[in-house]
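# Working through the structure, step by step
Listed here are the chains, written in short residue letters.
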Amino acid sequence: MKLAIIGAGNLGLSIAKGILNSNGATTMYLTKRNTDSIKEFESYGNVTVTANNREAVQNSDVLIFAVQPDHFEGILNDVKDLLTEKHIVISTITGFNIKKIEAVVGKETYIIRSMPNTAISVGQSMTCICSNEMGKKRIELAKAIFNRMGHSLEIPESQMQAATVICASGIAFWMRLIRATTQGAIQLGFDAKEAQELAMYTCNGAASLLIESGNHPEQEIDRVTTPMGCTIKGLNEMEHQGLSSSLIRGIVASFDKISEFKVKN
C-alpha cells in the first residue's frame, strides 16, 4: 500500500507511527510545511518527508489528511487535479463533512471520514469511520488500515461529532480518571511511580476484561463486590459524590461545545 499523510502534526505522526509499527505501508509520504522536525522518519527507509503535497499525492494511493480545518479546503483544491480512480481520500478533520469534501473533489471520489485518537501511535486507537456512497466500496480497506492500529467501527456520519467526544476527547477523560486513582494510591501509601503503575494496569485490565468477555460492566462489578464489603462501600461513596453524573455531564458539555463548531461550519 502506497500511503501519504498530508499534515504530519501530532495526530498525523501518531497515525504514521501506528502504520509503520504494524508494517502497514509499502511506501509512505509525510508532508509538513516545515519538515525539519520530522526528518527522523526517513530512517524507516520507506518514508519520504516533503513539504510538497502534490508530490505526495502523485506517488500514493491512500491519502490521509490530518491538517487544520482552515487549511483543508485549500489543500484539496491544490491537489484535486491529481486525483484518479485509484485514490482514496481519508479525512481526520473534525467538522469538515463529506458533502463539503465532495463539493471540492467530486462525488465520484472514494471519500472516507475517520476519527482516530492518539492511542493510534501504540496500536490501541478506537477509530470511527463513515463514507460517501463511492467510499462504501473502500470502507473495508479503511477499516483494515485502522484495525492494524486498534479497533474501528463504521457509524453514520451524523454520529461523528459524538464519536469525537467519546473516542478522541475520551482519551483525556480516562487519563484524568487514571490520575485520580494514582492520587488515591499515593494517599494510601504508595510512591508516585508505583501508584501510577497500579492505576494504569488496573485500568487496562478492566477494559480487557470487557473486550474479551463481552460482558456488561455491572457483571464484572458484581464479581468483585461482596455484601458489606470495601468495594461496594467505595463505589457507593463515589456515586454519592456524583462520579457517574459528573462524567456524563462532562461528556454532554464536550458534545455541546463541538456542536457549536458544527453550526459555524
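These remarks concern the structure in this document. (Residues numbered from 1 in each chain as written. Predicted model: local features only at pLDDT ≥ 70, side-chain atom pairs only at ≥ 80, totals over all residues. Heavy atoms only, no water.)

## Some remarks on the overall build of the protein
A tally of regular secondary structure across the protein gives 10 helices and eight strands. With respect to the principal axes defined by its C-alpha atoms, the protein has extents near 70 × 40 × 30 Å. By residue count, 38% of the 265 residues in the protein fall in the buried class. Of the contacts formed within the protein by residues at least 6 apart in sequence, a portion of 59% connects residues at least 24 apart. Total accessible area computed for the protein in this model is approximately 15,200 Å², and 54% of it derives from carbon and sulfur atoms. (Helix = DSSP H or I, 4+ residues; strand = E, 2+ residues; numbered from the N terminus. Buried < 20%, exposed > 50% of the residue type's maximum accessible area, 1.4 Å probe, protein only. Contact = heavy atoms within 4.5 Å. Areas by Shrake-Rupley, 256 points an atom, 1.4 Å probe, with all protein chains shown as cover.)

## Re the sheet that holds strand S1 (residues 2-6)
One open sheet holds the eight strands; their spatial order is S3-S2-S1-S4-S5-S6-S7-S8, and the pairing between them is mixed. Here the strands that pair on one side only, and so sit at the sheet edges, are strand S3 (47-50) and strand S8 (150-154). In this sheet, neighbouring strand axes are inclined to one another by 20° on average, regardless of whether the strands run parallel or antiparallel. As judged from the four bridges shared by strand S6 (residues 110-115) and strand S7 (residues 125-131), these two strands associate in the antiparallel manner. Of the residues in S7, the one forming a bridge with Met-115 is Cys-128. Sheet strands in contact with helix H1 (residues 10-21) are S1, strand S2 (27-31), S3 and strand S4 (62-65), and its direction is about 165° off that of S2. Against the sheet, helix H5 (residues 139-147) touches S4, strand S5 (88-91), S6, S7 and S8, its axis set at about 155° to S8. (Pairing = 2+ DSSP bridges. Axes fitted to C-alpha atoms, helices over the stretch in contact; angles between N-to-C directions.)

## Concerning the pairing of S4
Burial along S4 is two-sided: Val-62 and Ile-64 and Leu-63 and Phe-65, pointing in opposite directions, are all buried. Across four bridges, the pairing between S1 and S4 is parallel. Paired with Ala-4 across the bridge in S4 is Leu-63. Bridge analysis of S4 against S5 gives four bridges, and the strand direction is parallel.

## Observations concerning the packing of aromatic side chains
By the definition in use, this model includes three aromatic pairs. Taken together, a centroid distance of 6.0 Å and an interplanar angle of 20° make the contact between Phe-41 and Tyr-44 stacked. According to the relative accessible area criterion, Tyr-44 is partly exposed, its value standing at 40%. With a centroid separation of 4.7 Å and 70° between ring planes, the pair formed by Phe-72 and Phe-96 is classed as edge-to-face. On the criterion of sequence distance, the pair formed by Phe-72 in helix H3 (residues 69-79) and Phe-96 in the loop between S5 and helix H4 (98-105) is long-range, its members being 24 residues apart. We note that Phe-72, like Phe-96, is buried. Between the NZ or CZ atom of Arg-138 and the centre of the ring of Tyr-110, over which it lies, the distance is 4.2 Å. (Phe/Tyr/Trp six-rings, centres within 6.5 Å; stacked < 30°, edge-to-face > 60°. Lys NZ or Arg CZ within 6 Å of the ring centre and 35° of its normal.)

## Looking at the packing of helix H6 (residues 160-187) against helix H7 (residues 192-213)
Remark: H6 packs on H7, axes separated minimally by 8 Å, with the N-to-C direction vectors making an angle of 135°. Regarding the angle of H6 to H7, the classification is oblique. Note on packing geometry: the crossing formed by H6 with H7 is right-handed. In this structure, H6 uses Trp-174, Ile-178, Thr-181, Thr-182, Ala-185 and Ile-186 to contact H7, whose residues at the interface are Ala-192, Ala-195, Gln-196, Ala-199, Met-200 and Cys-203. Looking at the contact of H6 with H7 residue by residue, the class counts come to nine nonpolar, three polar and no charged. (Parallel < 35°, antiparallel > 145°, perpendicular 65-115°, else oblique. Left-handed = near helix turned anticlockwise from the far one by under 90°. Nonpolar A, V, L, I, M, F, W, Y, C, P; charged D, E, K, R; others polar.)

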